[in-house]
Amino acid sequence: MTQLIRRLTHLQTGTAELHVQHVEGSPWNALLWIFFGRERVEVPISVFAVQHRDALVLVDAGMAPKVAWDPELWAHPITRAIMNRLFRFHIEPKDALGIQLRRAGIAPPEVDKAVLTHLHFDHAGGIADIPQAELVVSKDAWDHMLTPHAEREGVLRRDLEIPGAKWRQIQWEPIDDPALRPFTHGHDLMGDGSIVLLPTPGHLEGSLSVFVRTDPPILFVGDLCYRTDLLMKEQFPGTGDHEALAENWAKVRALKEALPNLLIVPSHDRTAVAQLLAHPLARPGDQYGVQAALAAP
Ligand SMILES: [Zn+2]
C-alpha cells in the first residue's frame, strides 16, 4: 500500500498571528479575548501536497495574499471588526499557492485534486491558482457555505463560487476498513484505500480529515484542533462547537490508540509540521517553511 503514496510536501501560504485564547481556549467570553486579548502566537497557513501514483492531491489550498489587505473582504462591519481583531496576517505576493507550488517543483496545472478540509478563507483561498483541479468538499460544508450566515463564520462564498471551478461535493458512505475504526463512514478518494476522507465536524459544519496510508500513517485534520497536544489532552480552542469537537476528538484519539505511530497534523501546528517533515516521504516546500517549522517551540 505504501508504494501508492510517493511523496509528501508541506507548503506555506504565509502565516497568521492568532490570540493565544483562540488556540488554547479561555474561560472568558470570546468577545473579551477577541477585543482585549494581547498575547498572540504566529502559526503557519499550511497546504499539503500528497503525490499518489496516479494523481497529485492537495490537502487544502491555503490563503490568497490579496485577502490579507482587501478592505472590502468582510462586507458586514461587525464581521470586519471581529475578523480584523482575530487575525494578523503575514502574507506577501510570493506566498500565493501557485508560486509556492512552483518553488516546490510542482507546476500548478499538475494538481489533479484538492481536498478542502473546510471552506474557511485560509484553507480554500488558493483555488483560483489551480483551476483545472477537482475541488473536493463535503456536501455538509458546501450546504453551510450557501447559508446566509456563512460569511460571519469566515466562509467567503464569492471566492468559492468562481467561474469554471470544478467542485465535487461528497456524501459520506459506509466504509469497511477495520484500521480506521471508530470511523464507520468516509470517502475513499482514490478507490484504493490510500487516501480516505473522514467526517470530523466541530470546527465548522462539514469539516473533514484526510487519512493517508503511509508508514507511518498520517491524519491531516485541518482545524479540528490547532495543536495535536491540545487534542490529546482535550483542551478545547476558543472557537467551534465543543460538543461536536469532543465527539470527533475522541474518535481521533481512539484511532491514535489503534495506530500508535499515527501522525496527527493540524494545518496550523508548527510542531506537527516539523514531525511531518521527518516522515520518510516528506520534503519541504521551501526553505522558509522548513525554518519556520523547525523554529517551533
Ligand atoms: Zn478554519
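Draft legend 1. Seen up close, the overall build of the protein chain. Counting secondary structure elements, the protein chain contains twelve helices and 14 strands. In summary, the protein chain has a C-alpha radius of gyration of 18 Å against a globular reference of 19 Å for 297 residues, a match within 12%. Expressed along its principal axes, the backbone C-alpha trace of the protein chain runs to roughly 50 × 40 × 40 Å. Across the 297 residues of the protein chain, 56% fall into the buried class. A sequence separation of at least 24 residues applies to 68% of the contacts in the protein chain between residues at least 6 apart.

Draft legend 2. Geometry of the coordination of the zinc ion. Coordination sphere of the zinc ion, protein contribution only: H118 (NE2), H120 (ND1), H203 (NE2) and D223 (OD), at 2.1 to 2.2 Å. Because the angles between the four donor atoms bound to the zinc ion fall within 91 to 168°, the donor set is best described as irregular. Overall, D223 belongs to the buried group, its relative accessible area being 5%.

Draft legend 3. Summary view of the nonpolar core. Judged by nonpolar contacts, the single largest core of 28 residues is most densely connected at L58, L119, I130 and W167. When residues of this core are traced back to their parent elements, those giving at least two are strand 2 (40–52), strand 3 (56–59), helix 5 (97–103), strand 6 (134–138) and helix 7 (139–145). Top element by residues in this core is helix 7. It accounts for three residues. Counting 26 residues, the second-largest nonpolar core is a separate cluster that includes A55, V57, V59 and M190.

Draft legend 4. Representation of a negative patch on the surface in the model. On the surface, D140, E205, D241, E243 and E247 cluster together into a negatively charged patch. Relative to the helices and strands, E205 is located in the loop between strand 10 (195–199) and strand 11 (208–212).

Draft legend 5. Focus on the sheet that holds strand 9 (residues 185–188). With mixed pairing, six strands are arranged side by side in an open sheet as 8-9-10-11-12-13. Looking at which strands have only one partner, the edges of the open sheet turn out to be strand 8 (173–174) and strand 13 (263–266). In terms of strand pairing, strand 9 meets strand 10 through two bridges, oriented antiparallel. The residue bridging D188 from the neighbouring strand is V196, located in strand 10. Across the sheet, helix 11 (residues 270–277) touches strand 12 (218–222) and strand 13, and the angle it forms with strand 13 is around 130°.

Draft legend 6. Spatial organisation of the layout of surface pockets. Within this model, the largest pocket holds a volume of roughly 710 Å³. Around the largest pocket sit 36 residues that line it, and L86, H120, R152, E153 and T239 are the ones nearest its centre. Every element with two or more residues in the lining of the largest pocket is listed here: strand 1 (5–19), helix 2 (30–36), strand 2, helix 4 (77–86), strand 4 (87–90) and helix 6 (121–124). It is helix 4 that provides the largest number of residues to the lining of the largest pocket, a total of five residues.

Draft legend 7. Broad picture of empty space enclosed by the protein. For the structure on display, the rule yields one cavity of 30 Å³ or more. A volume near 60 Å³ is recorded for the largest cavity. Along its surface, the largest cavity is lined by A64, V67, L119, F121, A124, G125, L156, D159 and L160. Taken together, the elements giving at least two residues each to the lining of the largest cavity come down to helix 6 and helix 8 (157–160). Considered class by class, the residues forming the lining of the largest cavity number seven nonpolar, one polar and one charged.

About the cut-offs
For every chain, the first residue of the written sequence is number 1, and numbering continues from 1 onward in sequence order. Thresholds applied to this predicted model are a pLDDT of at least 70 for local features of residues and 80 or more for the giving and counting of side-chain atom pairs; totals over whole chains, interfaces and linings are not thresholded and use all residues. Computation of side-chain values covers all heavy atoms of the structure but excludes hydrogens and water. A run of H or I in DSSP counts as a helix once it spans at least four residues, and a run of E counts as a strand once it spans at least two, with each numbered from the N terminus. For the radius of gyration, the atoms used are the C-alpha atoms, and the globule rule reads 2.2 Å times the number of residues raised to 0.38. Each residue gets one of three labels from its accessible area relative to the maximum for its type: buried under 20%, exposed over 50%, partly exposed in between, using a 1.4 Å probe on protein chains only. Contacts are assigned to residue pairs that have any heavy atoms within 4.5 Å of one another. In this description, a donor is an N, O or S atom within 2.8 Å of the metal centre, a cutoff extended to 3.2 Å for sodium, potassium and calcium. Water is not part of the atom list, which can make sites seem incomplete. By the criteria applied here, four donors are tetrahedral when all angles lie between 85 and 135 degrees, four are square planar and six octahedral when opposite donors are over 155 degrees apart and every other angle lies between 65 and 115, and any other arrangement is irregular. Residue types Ala, Val, Leu, Ile, Met, Phe, Trp, Tyr and Cys, when buried and joined through side-chain atoms within 4.5 Å, form a set referred to as a nonpolar core. Each patch is assembled from residues with relative accessible area greater than 30% and no salt bridge, linking like charges that lie within 9 Å and nonpolar side chains (Val, Leu, Ile, Met, Phe, Trp, Tyr) that lie within 5 Å. Each accessible area is a Shrake-Rupley estimate made with a 1.4 Å probe; only the visible protein chains count as cover when residues are assessed. Take a side-chain nitrogen of Lys or Arg and a carboxyl oxygen of Asp or Glu: if they are within 4 Å of each other, that pair is a salt bridge. The charge count includes Lys and Arg as positive and Asp and Glu as negative, but it does not include His or the ends of the chains. Lys charges are placed at NZ, Arg charges at CZ, Asp charges at CG and Glu charges at CD. For two strands to be treated as a pair, DSSP must find no fewer than two bridges joining them. In this description, a line fitted to the C-alpha atoms serves as the axis of each element, helices being fitted only across the stretch in contact, and the angle between N-to-C directions of two axes falls anywhere from 0 to 180 degrees. Put simply, the grid is 1 Å and covers the protein atoms alone, a cavity is a trapped set of points that fit a 1.4 Å probe, a pocket is an open set with protein on both sides within 12 Å along at least five of seven lines, and lining residues have an atom within 4 Å of a point. Grid points are joined across faces, edges and corners, and a volume is the space filled by probe spheres set on the points. Amino acids outside the nonpolar list (Ala, Val, Leu, Ile, Met, Phe, Trp, Tyr, Cys, Pro) and the charged list (Asp, Glu, Lys, Arg) are all regarded as polar, and Gly is one of them.

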